[in-house]
Amino acid sequence: MNRTERLAEIDASIRSCTGCKLHLSRKQAVPGSGPVDSKIMLIGEAPGFHENEQGLPFVGAAGNFLDSMLESIQMKRSSVYITNIIKCRPPQNRDPEPEEILACSSFLEEQIALIQPKAIITLGRFSMMRYFPNARISAIHGQARMVDDRLIIPMYHPAAALHQPSLRSVVEQDFHQIPSLLEKSNQAGYTPSTRESDAPDEPEQLSMF
Ligand code: URA
């Protein structure tokens, strides 16, 4: 089985998953979208209304804003893999519950293990918490960290910028830093300084950044 076929197999198991109560209220699960050889993965929180309707991630208002942020740094949406911490819409878009995150976590692990992105951009608190469980997003947004040989860049959720206009320019600035963060992480001599297991609560920014 090649990697594309394996990704399709993971998608199919997500679509038929009954691992938590969200399968009862979903219209359809939202596995993710993008090429299996993407160098960059973006991880959001959970599907919303439009994603539940279409089966695709980030296709509503937050998705439009995300698209404009990606365009602003000449990053093609079609060249990155986009998924969420949980794959089914929580009723009324409430926060994901711990058991829902746990029930979905093996899918995300399988997606990451297959795609092997060089960098992961987390969008919002819930995906940040996968890598930095005790950090505050207000303290570490826009700062890159190496976790298990992979660059992790925590960002505010695009919807935060829509709901809180004061955050919009912060999100824009954070996105504009992404190309140089990726470039620096590719330079020879770059060494990982943090592993997932010993990531500090609010990790120091890598000195080179
Ligand atoms: N918000 C998310 O976190 N993910 C989506 O797919 C859409 C909105």
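The structure under discussion appears in the preceding block.
Residue positions are given per chain, counting from 1 as you read along its sequence in written order. Only residues with pLDDT of at least 70 are given local features in this predicted model, and only at 80 or more are side-chain atom pairs given and counted; all residues enter the totals for whole chains, interfaces and linings. To obtain the side-chain values, all non-hydrogen atoms of the structure were used and water was disregarded.

Draft legend 1. The packing of helix H1 (residues 3-15) against helix H5 (residues 98-115), seen in detail. The geometry of H1 relative to H5 is characterised by a closest axis approach of 11 Å and an angle of 170 degrees between their N-to-C directions. One way to sum up the angle between H1 and H5 is to call them roughly antiparallel. Contact residues: H1 offers Arg-3, Arg-6, Leu-7, Ile-10, Ser-13 and Ile-14, while H5 offers Phe-107, Glu-110, Gln-111, Leu-114 and Ile-115. Each residue gets one label: Ala, Val, Leu, Ile, Met, Phe, Trp, Tyr, Cys and Pro are nonpolar, Asp, Glu, Lys and Arg are charged, and the others, such as Gly, are polar. Taken together, the residues of the contact of H1 with H5 break down into 6 nonpolar, 2 polar and 3 charged. Comment: axis = line fitted to C-alpha atoms, over the contacting stretch for helices; angle = value between 0 and 180 degrees taken between N-to-C directions. Numbering goes from the N terminus for both helices and strands, where a helix is a DSSP run of H or I of at least four residues and a strand is a run of E of at least two. Here is the rule for angles: anything less than 35 degrees is roughly parallel, anything more than 145 is roughly antiparallel, 65 through 115 is roughly perpendicular, and the remaining ranges are oblique. By definition in these notes, contact holds between two residues if any of their heavy atoms fall within 4.5 Å.

Draft legend 2. The arrangement of the sheet that holds strand S5 (residues 150-155) in detail. Strands were regarded as paired on the criterion that DSSP finds at least two bridges between them. Judged by pairing direction, the sheet is mixed, and its 5 strands sit side by side in the order S2-S1-S3-S5-S4 without closing on themselves. Every interior strand has two partners, whereas the edge strands, strand S2 (81-84) and strand S4 (145-147), have only one. Each strand of the sheet is rotated relative to its neighbour by a mean of 30 degrees, with strand direction disregarded.

Draft legend 3. Inspection of the site of the ligand at higher detail. If you check the shell around the ligand, you find Gly-44, Glu-45, Ala-46, Glu-51, Pro-57, Phe-58, Asn-84 and His-157 and nothing else. Whenever two N or O atoms come within 3.5 Å, that pair is a polar contact, provided that in protein one can donate a hydrogen and the other can accept it, and provided that, for residues adjacent in sequence, both atoms are side-chain atoms. A distance of 2.7 Å separates a nitrogen atom of the ligand from a polar side-chain atom of Asn-84. A distance of 2.7 Å is found between an oxygen atom of the ligand and a side-chain nitrogen or oxygen belonging to His-157. Coverage of the ligand by the protein chains reaches 92% of its 240 Å² of free accessible surface. Taken together, the residues of the shell around the ligand sort by class into 3 nonpolar, 3 polar and 2 charged. Consider each residue's heavy atoms; a residue with any of them within 4 Å of a molecule or strand counts as near. The method behind every accessible area is Shrake-Rupley, applied with a 1.4 Å probe, and residues are considered shielded solely by the protein chains displayed.

Draft legend 4. Local environment of the environment of Leu-56. With respect to the helices and strands, the residue Leu-56 is situated in the loop between helix H3 (49-54) and helix H4 (61-72). Distance in space between the C-alpha atoms of Leu-56 and Ile-82 is 9.2 Å, their sequence separation being 26 residues. The contact partners of Leu-56, leaving out residues within four places of it in the chain, are Val-30, Ser-33 and Glu-51.

Draft legend 5. Region of interest: unusual backbone geometry. Look at Gln-92: it is not a glycine, yet its phi comes out positive at around 55 degrees. Take Gln-92: it is sitting in the loop between S2 and H5. Unusually for a residue other than glycine, Asp-149 sits at a positive phi of about 65 degrees. Its place among the elements puts Asp-149 in the loop between S4 and S5. Exposure remark for Asp-149: the relative accessible area of 62% places this residue in the exposed category. Relative accessibility under 20% of the residue-type maximum defines a buried residue, over 50% an exposed one, and the middle range a partly exposed one, all with a 1.4 Å probe and only protein chains included.

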